[in-house]
Amino acid sequence: MSHFYSEQEKGYEFPERGSVSLDSEAGVAKPENAAQYGEASSVSMHSGSSLPARHRLHSGQIDSEYDSHIPSLDYNGHGNVAGQPGRAIFETTRTVGGGSGRGGGGPGDGWPQEPELRDEHRRAPIPRLLLNGLLHFIKVMVITILIILLMAAVGIPVSDNGVPFPGDYTKMGFDWQLDPRSYLTPFNSSFTDFNILLDAHLHTIYSDGALSPQQAIEFSLANGFNAIIVTDHQTVEGSLAAKKYAEENLGDRITVITGMEYTCCRIHMNLIGINETIPVSPPFPSDDELRSVIDKVHSMGGMVIVNHIPWSNTTLLPWDEARLPDHPTREQLLDWGVDGFEIVNQGTFDLRTFQFIQEHSDKLVALTGSDMHYPGPSYSWTTINAPNKSSEAILDEIRNRRTSFLLDASGTRPVQDPPYNPEYFKYAPWGLVGDYFYGYADRNRGQYSFQGTFCHKEIVNVHHRMIGWFFLWLLVAILVIEILYWSFRWLYLFIARKIRSRRSRHV
């Protein structure tokens, strides 16, 4: 469809830039003073948007706003121009060499072969935007996963062995004084006369206890004991240090008897009344090896007390076997020559073992122990009526099986926690990170042998479903964050454009 223009319509005046004449046959508007801008330039006019445009020539810039009465010209690709009501949008081209241009010129006519588009409002194609968005999302996911793996690589080792204990037990003091005789009576009602309240099983920092030998003594005094047997795992050194401190500083306020706890994967036994460490190996000793240990203790003038049978025989999962596999029976131990059993350990009263002792009262003695590793409630006191408070007199009463005990199943008060260790807060965040990642798998190692190994075969059960859900929720979290980011960014830019638009209108 052709369109006719008046002479006035064929030339449009551009302020300060000259004018543009319309070549109706070629559908191209040419600036009349194009020469002053350098290279030959042309402006093709066609419709395609109702928005005003800003246009640039090669050597200058033309700003134009058109009123609605000026028709828009549509270039149809064949050298025809069709007029439609609306605003004109300009596409600026410049000469880049010979060849046929839009006006239909031949080679070397000075018209451009390729148009150079300068529309500021032009947007990238949607597929490219989607591709860029996908690449950005993949980059964020990869970086996030690398950070997570780095945190796991640091946190898990720290969680295993790098976090100090939360409590600072070195600063603990025990400023109370309990008297269990004021509210408890011996289990054997006929055993009313006693002068010794004994804790026959406790630990210090010489093995896995939290208190020093001095603190262990102070704690025992505060809870009403006047005699203790220090039995650190695999060594008598802790008991020797405690005995030395008590003799040098406390006189007859408390008696310390030396000993150690023989600890392996089959049995825990207190070897009491000895001043020399007996080597403990292997983790799973044979029956003959255990018998030789018992005989050696007797040859040194000591006694063997079997500890916490209920704890030792507790079933552990996922192995579905005892905490100490292949624990000797009470009958075997009696035959091997042990001197007695621990019938109260912490808050557990071993009634079955107590009855076994009563059945063999001519051969076995019953003792109680706190098995104190960390200061807490006291539950039992072995009662002894000794001619004096020396360790020899107490051991002689035990050897002759003249004991009873006090039992407080609810435990004593007061109980206090240690102050926090400042070093704990420094490393705890990484330890907690490690604990978090450990939550995605069950690592079952079993009972520690106290010889550098474990008593059970390690079983690791990885929770694959939990890991899958973790990455799914991670994906959702990243998507939500990305949506929020781009939404707020778009809102910010939208508000900024509105503000600039209002300011430009006022200007």
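As a starting point, this report considers the structure included with it.

**Considerations on the pairing of strand E21 (residues 380-384)**
(1) Moving on: With respect to burial, E21 is a largely interior element, 5 of its 5 residues being buried.
(2) Moving on: Side chains Ser380, Thr382 and Ile384 project from E21 onto one buried face, and the interleaved Trp381 and Thr383 project onto a second face that is buried too.
(3) Moving on: Taken together, the 4 bridges between E21 and strand E22 (residues 404-407) define a ladder with antiparallel strand orientation. Its bridge partner being in E22, Trp381 is matched across the sheet by Leu406.

**Quick look at the packing of aromatic side chains**
(1) Moving on: A complete count under the given rule lists 24 aromatic pairs for this structure.
(2) Moving on: Geometrically, the ring pair formed by Phe470 and Phe471 is edge-to-face, given 5.2 Å between the ring centres and 80° between the ring planes.
(3) Moving on: When its relative accessible area of 35% is taken as the criterion, Phe471 is described as partly exposed.
(4) Moving on: What links up through ring pairs into an aromatic cluster is the set Tyr436, Phe437, Tyr440, Phe470 and Phe471.

**Describing the sheet that holds E21**
(1) Moving on: Overall, mixed pairing links the 5 strands, which are arranged E12-E11-E10-E21-E22 in an open sheet. If you trace the sheet from one side to the other, it starts and ends with strand E12 (255-257) and E22, each paired once. Looking at each pair of strands side by side, their axes are set apart by 30° on average, direction ignored.
(2) Moving on: Sheet strands in contact with helix H8 (residues 391-399) are strand E10 (196-202), strand E11 (227-230), E12 and E21, and its direction is about 60° off that of E12.

**Quick word on helix H2 (residues 213-222)**
(1) Moving on: Within H2, 8 of the 10 residues are buried, leaving the element largely enclosed by the surrounding structure.
(2) Moving on: Residues of H2 that are buried sit in contact with E10, E11, helix H3 (237-249) and E12.
(3) Moving on: A positive backbone phi angle near 90° is found at Gly224, which sits one or two residues after H2.

**Brief notes about the pattern of salt bridges**
(1) Moving on: Applying the stated rule across the entire model yields 9 salt bridges.
(2) Moving on: Close ionic contact of Asp287 with Arg266 constitutes a salt bridge, the shortest N to O distance being 2.7 Å. Within this pair, whereas Asp287 is found in helix H4 (residues 287-299), its partner Arg266 is found in the loop between strand E13 (259-263) and strand E14 (268-272), the two being separated by 21 residues in sequence.
(3) Moving on: Judged by its relative accessible area of 29%, Asp287 is partly exposed.
(4) Moving on: A relative accessible area of 5% places Arg266 in the buried class.
(5) Moving on: Between Asp326 and Arg266 there is a salt bridge, with the nearest N and O atoms lying 3.5 Å from each other. Residue Asp326 is located in the loop between strand E17 (321-322) and helix H6 (330-336), and its partner Arg266 is located in the loop between E13 and E14; the two are separated by 60 residues in the primary sequence.
(6) Moving on: Residue class for Asp326 comes out exposed when judged on its relative accessible area of 57%.

**Observations concerning H3**
(1) Moving on: Taking 1.5 Å of rise per residue, 13 residues should cover 18 Å, and H3 covers 18 Å from first to last C-alpha, within 8% of that figure.
(2) Moving on: Those residues of H3 that sit buried are Gly238, Ser239, Ala242, Tyr245 and Ala246. An end-on view of H3 places all buried positions within 125° of arc, on one side of the element. Opposite its buried face, H3 presents the exposed residues Lys244, Glu247 and Glu248, each directed more than 90 degrees away.
(3) Moving on: Tucked inside the fold, the buried residues of H3 contact H2, E11, E12 and E13.
(4) Moving on: Phi turns positive, to about 60°, at Gly251, one or two residues after H3.

**Here we look at the packing of helix H1 (residues 126-161) against helix H10 (residues 464-506)**
(1) Moving on: For the pair H1 and H10, interaxial distance at closest approach is 11 Å and the crossing angle is 130°. Classed by the angle they form, the pair H1 and H10 counts as oblique. In terms of crossing hand, the pair formed by H1 and H10 is right-handed. In this structure, H1 contributes His136, Phe137, Val140, Met141, Thr144, Ile145 and Ile148 to the contact, and H10 contributes Phe470, Phe471, Leu474, Leu475, Ile478, Leu479 and Glu482.
(2) Moving on: Of the residues in the contact of H1 with H10, the class split is 11 nonpolar, 2 polar and 1 charged.

**Considering the environment of Ala216**
(1) Moving on: Considering the arrangement of structural elements, one finds Ala216 in helix H2.
(2) Moving on: Put simply, Ala216 and Phe174 are 42 residues apart on the chain and 9.9 Å apart in space, counted from C-alpha to C-alpha.

**Section: the state of the cysteines**
(1) Moving on: A complete count under the given rule lists 1 disulfide for this structure.
(2) Moving on: No disulfide involves Cys264; its nearest neighbouring cysteine sulfur is the one of Cys265, lying 6.7 Å away.
(3) Moving on: A relative accessible area of 0% means that Cys264 is categorised as buried.

**Points about the side chain of Asp408**
(1) Moving on: Note that Asp408 resides in the loop between E22 and helix H9 (422-438).
(2) Moving on: For the buried Asp408, no salt bridge exists, and the shortest N-O distance to an oppositely charged side chain is 7.4 Å, to Arg413.
(3) Moving on: Reaching out from Asp408, the side chain makes a polar contact with the side chain of Ser410 at a distance of 2.9 Å.
(4) Moving on: Contact partners of Asp408, with chain neighbours within four places excluded, come to Tyr183, Leu184, Ser378, Tyr379 and Trp381.

**Regarding the packing of H2 against H3**
(1) Moving on: With their axes 8 Å apart at the nearest point, H2 and H3 run at an angle of 65° to one another. Here H2 and H3 pass one another in a crossing that is right-handed. From H2, Pro213, Gln214, Ile217 and Glu218 reach across to H3, where they touch Gly238, Ala241, Ala242, Tyr245 and Ala246.
(2) Moving on: For the contact of H2 with H3, the residue count by class is 6 nonpolar, 2 polar and 1 charged.

**Things to note about a nonpolar patch on the surface**
(1) Moving on: Side chains of Trp469, Leu472, Trp473, Val476, Val480, Leu484, Phe488, Trp490, Leu491, Phe494, Ile495 and Ile499 sit close together on the surface and give an oily, nonpolar patch of about 1200 Å² of accessible area.
(2) Moving on: Tracing the sequence through the fold places Leu484 in helix H10.

**Comments concerning a positive patch on the surface**
(1) Moving on: A surface patch of like charges, here positive, comprises Arg497, Lys498, Arg500, Arg502 and Arg505.
(2) Moving on: Note that Arg500 resides in helix H10.

**So, the nonpolar core**
(1) Moving on: Counting 30 residues, the largest nonpolar core has Tyr262, Met269, Leu271, Val306, Val338 and Phe341 as its most contacted members.
(2) Moving on: For this core, the secondary-structure elements that each account for two or more residues are E13, E14, H4, strand E15 (303-306), H6, strand E18 (340-345) and helix H7 (351-359).
(3) Moving on: Per-element tally for this core: the top contributor is H4, with 4 residues.
(4) Moving on: Among residues more than four places away in sequence, those in contact with Val338 are Ile294, Val304, Val306, Leu333, Lys363 and Leu364.
(5) Moving on: By size, the runner-up hydrophobic cluster in this structure holds 28 residues, among which are Leu211, Ala216, Ile217 and Val230.

Definitions and limits used
Residues numbered from 1 in each chain as written. Predicted model: local features only at pLDDT ≥ 70, side-chain atom pairs only at ≥ 80, totals over all residues. Heavy atoms only, no water. Buried < 20%, exposed > 50% of the residue type's maximum accessible area, 1.4 Å probe, protein only. Helix = DSSP H or I, 4+ residues; strand = E, 2+ residues; numbered from the N terminus. Pairing = 2+ DSSP bridges. Phe/Tyr/Trp six-rings, centres within 6.5 Å; stacked < 30°, edge-to-face > 60°. Axes fitted to C-alpha atoms, helices over the stretch in contact; angles between N-to-C directions. Contact = heavy atoms within 4.5 Å. Salt bridge = Lys/Arg side-chain N within 4 Å of Asp/Glu carboxyl O. Expected span 1.5 Å × (residues − 1). Arc of directions from axis to C-beta. Parallel < 35°, antiparallel > 145°, perpendicular 65-115°, else oblique. Left-handed = near helix turned anticlockwise from the far one by under 90°. Nonpolar A, V, L, I, M, F, W, Y, C, P; charged D, E, K, R; others polar. Disulfide = S-S within 2.5 Å. Lys, Arg positive; Asp, Glu negative; His and termini not counted. Polar contact = N/O pair within 3.5 Å; in protein donor to acceptor, adjacent residues only side chain to side chain. Patch = residues over 30% accessible without salt bridge, like charges linked within 9 Å, V, L, I, M, F, W, Y side chains within 5 Å. Areas by Shrake-Rupley, 256 points an atom, 1.4 Å probe, with all protein chains shown as cover. Charge placed at Lys NZ, Arg CZ, Asp CG, Glu CD. Core = buried A, V, L, I, M, F, W, Y, C linked by side-chain atoms within 4.5 Å.

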